[in-house]
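# Reading the structure
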Amino acid sequence: MISLIISKPVDSRNNGVALHAAERSVVPMNMHVRQFVKDYIRDNNEILCIVRRRSKYAFRVIDSVLTHYGLPKEMKYLAVIESELNPKALSAVGARGPWQLMPETAQELGLNVTPDWDERMLYGKSTAAAAKYLRDLYSEFGDWLLVLAAYNSGPAPVYRAIRKSGSRNFWCLEKYLPAESRDHVKKFIASHYYFEGNGGVTTLTRTEWAAYMDHVHPSPQRLIPGTANAQYASF
C-alpha cells in the first residue's frame, strides 16, 4: 500500500487547498476528497495491484497517444477506472473497450464499430478517439475535474450543475451532479494517487492548480491555464 500524500489543514483563502513552503514538491489534495481516496485505495487495493501488474504495455501505448494530442499523460488513469484497462470490457449499456466508448460516440470519433470488427478494443485507436473527446471537453470547460465529470455524464449535467451552483468549481457544484459522476471524478483522483503517489494538474480544479503553480514558481510572469503560452501550466 502506498503512503498517501495528504495536505495539511485547509486554508480557505486558497479554495480548500493547503499550501506550505515545506511541501513545494507535493501537490496538495482537496479536503473534500481526502477520506474518499483513503477508503477507495483500501477497498480496491487488490484490483489496483492487478491493474498495475498488467499496465506496462497499455500505459506505454496510451502515454504516446495522449502526448501526441497534447494531453496530460495522467489522463490514462481514466481508463483504469473505466475498464481496469481491459480492452474487452463491455458495459450493460453497450460501452466497450478500455475507454468505455458508446458505439455512436466511437463512430463519431472515427472508429469502426461493426459486429465483425470493433476498434474500441484497440488501445491505440480507442485512446486516439478518447483523446479527441477529452481535448474537446477541455476546450469547453477548461478544468480537468469538470472534464472528468462530463466524460462520465455528458456535458449537459455539468452545465446544469454550474447553473444551479453558480460556480465552475467542482467542489462547489459536485452536489448537483449525478452521484455516479461525482464518484467518477473522485475515483480518478484516488487512482492517480495510487499510481503516482502524488496529485497533479488533473486532480485539481483550475483555480487550485493556478494557486499551486504560483506557490511553487512565484513570478510576475506566472502562467495561468487557458492563457497564451500556458501549455505547461494547464497540462
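In this text, all values refer to a predicted model and were calculated from it rather than measured experimentally.

A few words now on the overall build of the protein chain. When helices and strands are tallied, the protein chain shows 12 helices and zero strands. Helices and strands in the protein chain line up, N terminus first, as α-α-α-α-α-α-α-α-α-α-α-α. Across the 235 residues of the protein chain, 49% fall into the buried class. In the protein chain, the share of contacts with a sequence separation of at least 24, taken over all contacts with a separation of at least 6, comes to 54%. As displayed, the protein chain offers around 11400 Å² of accessible surface, 50% of which is attributable to carbon and sulfur atoms.

Bringing the side chain of T127 into the picture now. With respect to the helices, strands and loops of the structure, T127 is situated in helix α6 (residues 123-141). For T127, a relative accessible area of 0% puts it in the buried group. Of the polar contacts made by the side chain of T127, one reaches the side chain of W99; its length is 2.9 Å.

Turning our attention to the pattern of salt bridges. Within this structure, the stated rule accounts for seven salt bridges. Note that K76 is salt-bridged to D63, the shortest N-O span being 3.0 Å. Here K76, found in helix α4 (residues 76-83), pairs with D63, found in helix α3 (residues 55-68); they are 13 residues apart in sequence, far enough to count as distant. With a relative accessible area of 7%, K76 lands in the buried category. The residue R120 makes a salt bridge to D118 at a minimum N-O spacing of 2.7 Å. When sorted by exposure, R120 lands in the same class as D118, which is buried. Taken together, the shared-partner salt bridges in this structure form one network comprising D39, R42 and D43.

A few words on the nonpolar core. Formed by 62 residues in total, the largest nonpolar core has its most connected members in L78, L85 and W99. For L78, the residues in contact, after removing those within four places along its chain, are W99, L134, L148, Y151, H184 and F188.

Tallying each qualifying case throughout the model produces 11 aromatic pairs. Between Y77 and F195 the ring centres are 5.1 Å apart and the planes differ by 15 degrees, which places this aromatic pair in the stacked class. One end of the pair, Y77, is in helix α4; the other, F195, is in helix α10 (residues 179-196), with 118 residues separating them in the sequence. Take F195: its relative accessible area is 13%, and that puts it in the buried class. Plain terms: the ring middles of Y194 and F195 are 5.1 Å apart, the flat faces sit at 80 degrees to each other, and that makes the pair edge-to-face. The exposure class assigned to Y194 is buried, which follows from its relative accessible area of 4%.

All right, on to the packing of α6 against helix α7 (residues 144-153) then. For the pair α6 and α7, the least separation of the axes is 9 Å and the interaxial angle reads 125 degrees. Classed by the angle they form, the pair α6 and α7 counts as oblique. α6 and α7 meet at a crossing whose hand is right-handed. Residues A130, Y133, L134, L137, Y138 and F141 of α6 form the contact with α7, whose own contacting residues are W144, L146, V147, A150 and Y151. Tallied by class, the residues present in the contact of α6 with α7 amount to 11 nonpolar, no polar and no charged.

Let us look at the confidence of the model for the protein chain. Model confidence for the protein chain is summarised by a mean pLDDT of 86, while 82% of its residues fall at 70 or above. Across residues 1-24, confidence stays below pLDDT 50; counting only partners more than four residues off in sequence or on other chains, it has 57 contacts. In this model residues 222-235 is a low-confidence stretch, pLDDT under 50, and it forms 32 contacts with partners more than four residues away in sequence or in other chains.

Assignment of secondary structure puts H184 in helix α10. Placed 106 residues apart in sequence, H184 and L78 show a C-alpha to C-alpha distance of 8.9 Å. If we skip the residues at most four places from it in the chain, H184 touches L78, I81, E82, L148 and N152. Of note is the side chain of H184, whose polar atom sits 2.8 Å from the side chain of E82.

As a further point, take the packing of α4 against α10. With their axes 9 Å apart at the nearest point, α4 and α10 run at an angle of 115 degrees to one another. For the pair α4 and α10, the sense of crossing is right-handed. Note on element contacts: α10 touches α4 through H184, K187, F188, S191, H192, F195 and E196, opposite K76, Y77, L78, V80, I81 and E82. A per-class count over the contact of α4 with α10 returns six nonpolar, three polar and four charged.

How each quantity is defined
Residues numbered from 1 in each chain as written. Predicted model: local features only at pLDDT ≥ 70, side-chain atom pairs only at ≥ 80, totals over all residues. Heavy atoms only, no water. Helix = DSSP H or I, 4+ residues; strand = E, 2+ residues; numbered from the N terminus. Buried < 20%, exposed > 50% of the residue type's maximum accessible area, 1.4 Å probe, protein only. Contact = heavy atoms within 4.5 Å. Areas by Shrake-Rupley, 256 points an atom, 1.4 Å probe, with all protein chains shown as cover. Polar contact = N/O pair within 3.5 Å; in protein donor to acceptor, adjacent residues only side chain to side chain. Salt bridge = Lys/Arg side-chain N within 4 Å of Asp/Glu carboxyl O. Core = buried A, V, L, I, M, F, W, Y, C linked by side-chain atoms within 4.5 Å. Phe/Tyr/Trp six-rings, centres within 6.5 Å; stacked < 30°, edge-to-face > 60°. Axes fitted to C-alpha atoms, helices over the stretch in contact; angles between N-to-C directions. Parallel < 35°, antiparallel > 145°, perpendicular 65-115°, else oblique. Left-handed = near helix turned anticlockwise from the far one by under 90°. Nonpolar A, V, L, I, M, F, W, Y, C, P; charged D, E, K, R; others polar. pLDDT = per-residue confidence, 0-100.

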